[in-house]
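Architecture at a glance
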Amino acid sequence: SIQRHLSTTPSGSRIERMTVFGAGLMGAGIAQVGAQSGLKVTLSDVTDKALENGLNIISKSLSRVAKKKSPDDIEGFTKKILANIETTTDAGKAVEDTDLVVEAIIESIKVKRDLFGFLDSKAKAECIFATNTSSLSVTEIAESCGKERQERFAGLHFFNPVPAMKLVEIIRTPQTSTSTYESLKEVTLRIGKAPVTCNDTPGFIVNRLLVPYLLESIRMVERGDATPEDIDTAMELGAGYPMGPFKLLDFVGLDTTTYIAQGWRGKAASGQISKELVEPIELLDKLVKEGKLGRKSGQGFYEYE
Ligand code: CAA
Ligand code: NAD
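The rules we used
- Residues numbered from 1 in each chain as written.
- Chains lettered and ligands numbered in written order.
- Predicted model: local features only at pLDDT ≥ 70, side-chain atom pairs only at ≥ 80, totals over all residues.
- Helix = DSSP H or I, 4+ residues; strand = E, 2+ residues; numbered from the N terminus.
- Rg over C-alpha atoms; globule rule 2.2 N^0.38 Å.
- Contact = placed C-beta atoms within 7 Å.
- Near = placed C-beta within 6 Å.
- Nonpolar A, V, L, I, M, F, W, Y, C, P; charged D, E, K, R; others polar.
- Domains from an automatic or database assignment.
- Pairing = 2+ DSSP bridges.
- Axes fitted to C-alpha atoms, helices over the stretch in contact; angles between N-to-C directions.
- pLDDT = per-residue confidence, 0-100.
- Core = buried A, V, L, I, M, F, W, Y, C linked by C-beta atoms within 7 Å.
- Buried ≥ 20, exposed ≤ 12 C-beta atoms within 10 Å, placed from the backbone.
- Right-handed = clockwise from strand over helix to strand, strands pointing away.

1. Here's the deal with the overall build of the chain
- Helix and strand content of the chain: 14 helices and eight strands.
- The C-alpha radius of gyration computed for the chain amounts to 19 Å, which stays within 12% of the reference 19 Å derived for 305 residues, consistent with globular compactness.
- Counting only C-alpha atoms and orienting by the principal axes, one finds that the chain spans roughly 60 × 55 × 40 Å.
- Counting contacts in the chain only where the partners sit at least 6 residues apart, residues at least 24 apart contribute 68% of the total.

2. Here's the deal with the site of ligand 1
- Neighbouring ligand 1 are 18 residues; Ser61, Ser134, Pro163, Ala164 and Pro242 lie closest to it.
- Of all the elements in the fold, those that place two or more residues in the shell around ligand 1 are helix 3 (48–69), helix 10 (206–222) and helix 12 (245–252).
- With four residues, helix 3 is the single largest residue contributor to the shell around ligand 1.
- In the shell around ligand 1, the residues fall into 12 nonpolar, four polar and two charged.
- The residues that make up the shell around ligand 1 include at least three from each of domain 1 (2–199) and domain 2 (208–297).

3. Observations regarding the sheet that holds strand 8 (residues 194–199)
- Taken together, the eight strands give an open sheet; going across it, the order is 3-2-1-4-5-6-7-8, and neighbouring strands pair in mixed fashion. Strands with a single pairing partner mark the edges of an open sheet, and in this sheet they are strand 3 (85–88) and strand 8. Taken over all neighbouring pairs, the strand axes of this sheet differ in orientation by 25 degrees on average, direction set aside.
- Looking at chain direction, strand 1 (residues 17–21) and strand 2 (residues 40–44) are connected through five bridges and run parallel. What sits directly across from Arg17, in strand 2, is Lys40.

4. Observations regarding the site of ligand 2
- Surrounding ligand 2, one finds 27 residues, the nearest of these being Gly22, Gly24, Met26, Ser134 and Asn160.
- Of all the secondary structure elements, the ones that give two or more residues to the shell around ligand 2 are helix 2 (25–36) and helix 6 (109–120).
- Per element, the largest residue contribution to the shell around ligand 2 is three residues, and it comes from helix 2.
- When its residues are assigned to classes, the shell around ligand 2 shows 14 nonpolar, 10 polar and three charged.

5. Examining the domain arrangement of the chain
- With domains assigned, the chain is organised as domain 1 (2–199) and domain 2 (208–297).
- Centre-to-centre, using C-alpha coordinates, domain 1 lies 27 Å away from domain 2.
- Taken together, the contacts link seven residues of domain 1 with nine residues of domain 2.
- Looking at the side of domain 1 that touches domain 2, its residues break down into two nonpolar, four polar and one charged.

6. Quick word on the confidence of the model for the chain
- On average, residues of the chain score 94 in pLDDT, and 96% of them reach the 70 mark or higher.
- Taken as a whole, residues 1–12 scores under 50 in pLDDT and shows 21 contacts with residues more than four places along the chain or in a different chain.
- With a pTM of 0.95, the predicted complex shows an ipTM of 0.98.

7. Quick look at the nonpolar core
- Judged by nonpolar contacts, the single largest core of 54 residues is most densely connected at Val20, Ile30, Ala31, Leu100, Val101, Val102 and Ala130.
- Looking at which element gives the most residues to this core, the answer is helix 2, with seven residues.
- Apart from the residues within four sequence positions on either side, Val20 is in contact with Gly27, Ile30, Ala31, Val41, Leu43, Val102 and Ala104.
- One finds Leu249, Val252, Trp264 and Val288 within the second-largest nonpolar core, a separate group that totals 19 residues.

8. A closer look at unusual backbone geometry
- Cis geometry is adopted by the peptide bond preceding Pro161, which originates at Asn160 and carries an omega value of 0 degrees.
- When you line up the elements, Pro161 lands in the loop between strand 6 (153–157) and strand 7 (167–172).
- Despite not being glycine, Phe204 has its phi angle at roughly 55 degrees, a positive value.
- You can see Phe204 is positioned in the loop between strand 8 and helix 10.

9. Some points on the pairing of strand 6
- Of all the five residues making up strand 6, five are buried; the element is thus mostly covered by neighbouring parts of the structure.
- The two faces of strand 6 match: Phe153, Gly155 and His157 on one face and Ala154 and Leu156 on the other face are all buried.
- Relative to strand 7, strand 6 is paired through three bridges, and the arrangement is antiparallel. For Leu156, the partnering residue across the bridge sits in strand 7 and is Ile170.

10. Structural notes on the pairing of strand 8
- Sheet topology places strand 7 next to strand 8; six bridges connect them, and they run parallel. What sits directly across from Arg172, in strand 8, is Asn199.
- This β-α-β element, strand 7 to helix 9 (residues 178–190) to strand 8, shows right-handed connectivity.

If you want it as structure tokens, here you go:
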């Protein structure tokens, strides 16, 4: 049946175990929603401190979810979901028996390729590899793996905050097999998200449209056209956006936004994206240099407690 076809990996077995790399904003959220849907999740990062940070993000978010879903037993609800999550700093061990890898580490093509190249020899042949990259070429990341794995490789792009945002973009490369794509669609639905599909192009759908808007809002402030506060108010009340661009920039992370623009500058040379969209912005670079990365570091365009 269609149901049966949709719920199988290329080897014919359902995805039950997921390994998430990167315990930051995104990796923590992805691990959480996987665990909430009953997957056995391994969360991996390079340090124990980063894993602790990830578990903190998950616990806070789970208590929010529990208040709605299980108001009488918040602790029991949280405990039950956390029991589906293991953590480790040992990347090889993390993929030993997993069905799906979702990578959500730093937005650097080199670091991502190094990780996947290593994992290719450690994970079982049927395991599907997916990257949560915002802006890099999924095809170029996949090329760090052997030919067979490239058929089991795709983009699986979640949105921040993962527990609240309903969308997942599934990115097919020319090598991604149909059964890999179907498995990813099925697992996306299983964790309660709505899938859309896009070719492997800079920024896919959402970021291709959203990031130029965010960057232009910073240029408006640099030009002295309006303040961040007024631009936020304008877009919230005048365009109905839930957050104005500066709140959103702080939410996404100014470092991540900078990596996206930097990565795209390379693509501009080959004509895949127009050059004016991704010109460097002094104000953005200055904040990042000062360690003002947005909410996650306590300060960006705004200050946070
Ligand atoms: N964990 C669990 N639940 C959360 C949550 C979290 N971290 N954050 C929000 N929620 C839930 C709330 O509990 C609430 O649920 P109910 O409606 O069921 O009560 C719901 O989400 C709305 O939250 P709030 O009422 O607290 O606040 P809000 O209405 O202001 O919404 C928001 C918060 C969802 C973050 C909203 O401000 C928003 O949509 N902002 C824009 C976010 C956005 O554009 N994200 C995309 C960024 S780009 C990206 O991610 C791609 C990339 O590659 C860079
Ligand atoms: P983050 O800075 O919050 O977290 C990144 C984590 O990756 C850190 O904990 C870091 O220690 C870890 N890490 C770095 N190198 C690693 C390695 N080799 N192995 C394991 N862990 C490693 O970043 P984030 O915002 O969660 O972004 C992660 C990825 O998700 C990026 O590719 C980003 O472009 C993408 N993304 C971000 C957003 C967003 O709104 N922030 C939305 C969608 C997609």
